[in-house]
Amino acid sequence: MNTVDKFNSHLVALSRNLWWSWNPHIIKVFRDMDPERFRTSNHNPVLMLGEFSPAQIERLSKDAGLRARVDAAHRELVDYLDEPRTWASVHAAPLRVRPVAYFSAEFGIHESLPIYSGGLGVLAGDHLKTASDLGLPLVAVGLFYRESYFRQRIDRDGNQHAEWVRSPAETLPAKPALTPAGRPIVVEVPISSSETLLAQVWEIRVGRNQLLLLDTDVDGNTDENRQLSARLYFGDQRIRIRQELLLGVGGIRALHAAGIHWGGLHLNEGHSAFATLEYTRLRMELTGADFASAAQDVAQSTVFTTHTPVDAGHDRFSPELADGHLGPLRQSLGLSQQDFMGLGRIRPHDGHESLCMTVLAFKMSRYANGVSALHGRVTRKSWQVLWPHHREDEVPVGHITNGVHVRTWLASAMQRLYTRHIGPDWRTRLSDPESWVRIEDVHDGELWETHRVLKADLVHFVRRKVGEQRQNNGYSDEDVKAARALLDPDALIIGFARRFATYKRADLILRDFERVKRLINDPKRPVQFVFSGKAHPADRPGQEVLRHIHEAMRAPELRDRVVFIENYDINVGRHLVQGVDVWLNNPRRPQEASGTSGQKVLLNGGLNCSVLDGWWAEAYDGLNGFAIGDGTSHVNVEEQDRRDAASLYNVIENEIVPLYYDRDEHDVPRGWVARMKRTIRTLGWRFNTDRMVIDYTRECYLPAAGAQTSAMPK
Ligand SMILES: *Cc1c(COP(=O)(O)O)cnc(C)c1O
């Protein structure tokens, strides 16, 4: 191969395995090829490389420095893929034979692959990356949303506009998944006696593992069905049940067609629970077992993670809708109407009760868990009805607290600081508490200075983004220009970004407008806020919260000190969590099952200020951040909101502001830095996905693989 061809083929190989997305130095190689184009492609190397002409590639290949970096990056990828000694090779050998099949309705791996909406998807993405790093064999299954989740724009009156943009497959790192005989996989999912969905299957490489995505945009489907997999969380219950059939039934068929012999099934949320039924059918077909014993075998190897205590978060399908779609599945299992529907009902014989995906998932899995200690307790209480003979604390639902994939979320400057002070191997010892003790030896000034640099990056990002937004939304030239001076990098910055579900109370801080104006405009110790987040297009109250914030921002006293970044995504999230001083989280307890955005902040040196809900209820020790409220809930929502707002103001005024602005003679806030260190030392090792995936492996995957009483014939 000549030099240009080799250069090009290495770039193509690098761009087609998402491993690059959690390696900042590889991202930098792509960026340095053409910074502007990399940015406008939404950091998508496949799209960017596709836009280069052969002459441009040739010119780039003449740059010896770049060529050497591409060579080295490619070698690193090959070494990573070939590494025989991994955590899993030692601790999870049985899974080498039978990988885990991981089902999720969304995957948030990188902003350039927009098939996620929020925390559930980002958690799934972080899970995949970690499984790859640990060498844990896992095949993920999801849907190929060609129009993704919507792109958000907010007009000058504060109205949210949802724009759906289609990504052509050739701009994504996807290729058709093949059968062992080398034919592209197309699966059929019957949804009634007269209608069958067809789906092609795409494969995306995520480090050492693969992600299979189903796509109904194929010839042979009706126009309506072609559109079925286009949009995430969009459309009525009829679309929803069809998408979930596609994910569950189609997903199992795709795995089978690909010749994959999986061991455990992991349902990341109940959306994919039909997978357990299709798997049962397949076992009946291949082993000749009857429904009861096949279903029992499936349950023995199935792990179900539930993610929300919010009732509307559990899909329920009316008996009519279920009848209209599940007939073929029911018949293939040889079940009566009542026995089939009973699998998804609390009271199996109640003909009026809907089919609930969460109930189905609980009944069809032997391992079930919530995503924080508190959420585990709340889940046992809410679903005790399914285990009428158990006491609440005996309900067989445990918890594995969520974490985040550190290499994805941690700023490069902090990674370098840890390499210097924690040790060159800190990345492979993330979940070891001992390694983080050394953070106490880092000079306060060095840690603070690193944080200040990251914060300056954030301010720069905010100014550019808000300038672009104002331009797109028809603001005056002065307003566009004024964006260049937004935010003071030396003043406290509090960040708040998440989905605008109403229980997350994005506008809680605005309850007492006079008080918040005083806070923000304190001449010596001002406070600044950066908001970001999307409200679901059907969520009117969520959009009202957004409008409320938008309106408040227009008050002259708040200008320049409160900003909103449109279109919250992984990119916006990464900039925010790396640069803020404080991350604010004020959901109505106990509705935030875990929350993960605050975990992204902590190794970056930010401090959490949060209601004692989700992960924070088990993380806060009095000195490693700040708490809102006293860890109780009130039955009266209005009363709870009033109390939490009062507590929030008190914490900011009496704890956060004084500590932040209390400086030594070198302008270093020693008390604040002490909290940063305590955060890193006490929380870094626990709230990462290394610890989380290791917990899943030990507590669920290994026992589930071992419990397969009658392994399926290969
Ligand atoms: C981490 C993340 C979330 C989850 O945030 P929560 O605090 O758990 O609500 C949602 N969206 C994006 C883009 C994220 O990166």
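Residues numbered from 1 in each chain as written. Predicted model: local features only at pLDDT ≥ 70, side-chain atom pairs only at ≥ 80, totals over all residues. Heavy atoms only, no water.

1. Section: the nonpolar core
General note: in soluble globular proteins, nonpolar side chains tend to be found buried as a group. Worth spelling out the cut-off: Remark: nonpolar core denotes a set of buried residues (Ala, Val, Leu, Ile, Met, Phe, Trp, Tyr, Cys) joined through side-chain atoms within 4.5 Å. Exposure categories follow from relative accessible area, calculated using a 1.4 Å probe and restricted to protein chains: below 20% of the type maximum is buried, above 50% is exposed, and the middle band is partly exposed. The way it works is that DSSP assigns letters per residue, a run of H or I at least four long becomes a helix, a run of E at least two long becomes a strand, and they are numbered from the N terminus. Only heavy atoms matter for contacts: two residues are in contact if any of them lie within 4.5 Å across the pair.
Ranked by size, the top nonpolar core spans 133 residues in total, and within it Leu211 and Phe274 carry the most contacts. When residues of this core are assigned to their parent elements, the largest contribution, eight residues, is made by helix H11 (residues 237-257). Every residue in contact with Phe274, bar those within four places of it in the chain, is listed here: Ile241, Glu244, Leu245, Gly248, Val249, Leu326, Leu329, Leu355, Met357 and Leu360. Among the nonpolar cores identified, the runner-up in size contains 71 residues, and Ala411, Ala535, Leu546 and Val611 belong to it.

2. Topic: the sheet that holds strand E19 (residues 607-611)
The criterion, for reference: One requirement defines pairing of two strands: DSSP has to find at least two bridges between them. Between N-to-C directions, angles cover 0 to 180 degrees, with each direction set by a line fitted to C-alpha atoms, over the stretch in contact for helices.
The strand order across the open sheet formed by six strands is E17-E16-E15-E18-E19-E20, and the pairing between neighbours is parallel. Each edge of the open sheet is held by one strand with a lone partner, namely strand E17 (562-565) and strand E20 (626-628). Across this sheet, the average inter-strand angle for adjacent strands is 20°, counted without regard to direction. Packing of helix H21 (residues 444-472) onto the sheet brings it into contact with strand E15 (492-497), strand E16 (527-532) and E17, and relative to E17 it is tilted by some 70°. Where helix H28 (residues 637-661) meets the sheet, it contacts E15, E16, strand E18 (582-585), E19 and E20, and its direction lies at approximately 165° from that of E20.

3. Overview of the site of the ligand
So the rule is basically this: It suffices for a single heavy atom of a residue to lie within 4 Å of a molecule or strand for the residue to be listed as near it. Identification of polar contacts relies on pairs of N or O atoms within 3.5 Å, with a donor-acceptor requirement for protein atoms, meaning one able to donate a hydrogen and the other able to accept it, and with residues adjacent in sequence counted only if both atoms are side-chain atoms. Only the protein chains shown count as cover for residues, and the accessible areas themselves come from Shrake-Rupley with a 1.4 Å probe. In this count, Pro and Cys sit with the nonpolar residues alongside Ala, Val, Leu, Ile, Met, Phe, Trp and Tyr, while Asp, Glu, Lys and Arg are called charged and the others, Gly among them, polar. By convention here, the domain bounds are inherited from an automatic or database domain assignment.
The ligand sits among 13 residues. The nearest are Lys504, Gly595, Thr596, Ser597 and Lys600. At a separation of 2.8 Å, an oxygen atom of the ligand approaches a polar backbone atom of Thr596. Measuring from an oxygen atom of the ligand, one finds a side-chain N or O atom of Lys600 at 2.7 Å. When isolated, the ligand has an accessible area of 390 Å², and the protein chains bury 96% of it. Contributions of two or more residues to the shell around the ligand are made by helix H9 (119-134) and helix H26 (597-602). Residues that form the shell around the ligand fall into these classes: four nonpolar, five polar and four charged. Counting residues domain by domain, the shell around the ligand receives three or more from each of domain 2 (87-402 + 694-707) and domain 3 (426-686).

4. Focus: unusual backbone geometry
Across the junction of Arg589 and Pro590, the peptide omega takes the value 0°, indicating a cis bond. Locating Pro590 in the fold gives a position in the loop between E18 and H26. The residue Asn42 is not glycine, and still its phi comes out positive at about 60°. With respect to the helices, strands and loops of the structure, Asn42 is situated in the loop between helix H3 (35-40) and helix H4 (45-51).

5. Observations regarding the domain arrangement of the protein
In many analyses, interface size is given as the accessible surface area lost on bringing the parts together. Each assigned domain of the protein is listed here: domain 1 (3-82), domain 2 (87-402 + 694-707) and domain 3 (426-686). Summarising the inter-unit geometry, the C-alpha centres of domain 1 and domain 3 are found 35 Å apart.

6. So, the pairing of E17
Put simply, the test is: Whether a crossover is right-handed depends on one test, that the path from the first strand over the helix to the second runs clockwise when the strands point away from the viewer.
What you see with E17 is no split at all: Val562 and Phe564 on one side and Val563 and Ile565 on the other are buried throughout. In this sheet, E17 lies alongside E16 in parallel orientation, the contact comprising four bridges. Bridge assignment links Ser532 to a residue of E17, and that residue is Ile565. Between the parallel pair E16 and E17, the chain is carried across by helix H24 (residues 540-553), and the sense of this crossover is right-handed.

7. Structural notes on the packing of aromatic side chains
Where we set the bar: The criterion for an aromatic pair is that two Phe, Tyr or Trp rings (for Trp, the six-membered ring) have centres within 6.5 Å, with stacked assigned to planes under 30 degrees apart, edge-to-face to planes over 60 apart and tilted to the rest. Only when the NZ of Lys or the CZ of Arg is both within 6 Å of the ring centre and within 35 degrees of the ring normal is a charge said to sit over the ring.
A full pass over the atoms with the stated rule returns 27 aromatic pairs. Ring geometry for Tyr418 and Trp426: centres 5.5 Å apart, planes at 65°, overall edge-to-face. The exposure classification of Tyr418 matches that of Trp426, with both residues buried. With centroids separated by 6.1 Å and ring planes inclined at 15°, the aromatic side chains of Phe529 and Phe531 adopt a geometry described as stacked. Judged by relative accessible area, Phe529 falls into the buried class, the value being 2%. Three or more aromatic residues joined by ring pairs make a cluster, and in this case those are Trp448, Phe626, Tyr660, Tyr661 and Trp672. The ring centre of Phe234 lies 4.9 Å from the NZ or CZ of Arg231, which sits over that ring. Lying over the aromatic face of Trp409, Lys600 brings its terminal NZ or CZ to 4.1 Å of the ring centre.

8. Overview of the pairing of strand E10 (residues 302-305)
What you see with E10 is no split at all: Thr302 and Phe304 on one side and Val303 and Thr305 on the other are buried throughout. In this sheet, strand E13 (residues 367-370) lies alongside E10 in parallel orientation, the contact comprising three bridges. Bridging across to E13, Phe304 finds its partner in Ala368.

9. Observations regarding the pattern of salt bridges
This is how the line gets drawn: Here, a salt bridge means any side-chain nitrogen of Lys or Arg that lies within 4 Å of a carboxyl oxygen of Asp or Glu.
Overall, the coordinates contain 55 salt bridges when judged by the stated rule. Close ionic contact of Arg420 with Glu446 constitutes a salt bridge, the shortest N to O distance being 2.8 Å. Taken together, the residues span a long stretch of sequence, with Arg420 in helix H19 (residues 412-421) and Glu446 in helix H21 at a distance of 26 residues. Three or more residues are tied together by salt bridges with common partners; here these are Glu36, Arg39, Arg464 and Glu468.

10. Considerations on helix H6 (residues 64-82)
What counts, and what does not: Under the convention used throughout, the expected extent of a helix is 1.5 Å for every residue step, that is, one less than its residue count. Here, the arc refers to the directions that run from the helix axis to the C-beta atoms.
Here H6 spans 27 Å end to end across 19 residues, near enough to the 27 Å set by a 1.5 Å rise per residue. Buried residues of H6: Leu66, Val70, Ala73, His74, Leu77 and Tyr80, and no others. In a view along the axis of H6, the buried residues occupy a sector of 125°, so they form one face of it. Of the exposed residues in H6, those oriented more than 90 degrees away from the buried face are Arg75 and Asp82. Contacts made by the buried residues of H6 are with helix H1 (3-15), helix H2 (24-33), helix H5 (54-61) and H9. In this structure Asp63 caps H6, since a side-chain oxygen of it lies 3.0 Å from the backbone nitrogen of Gly65.

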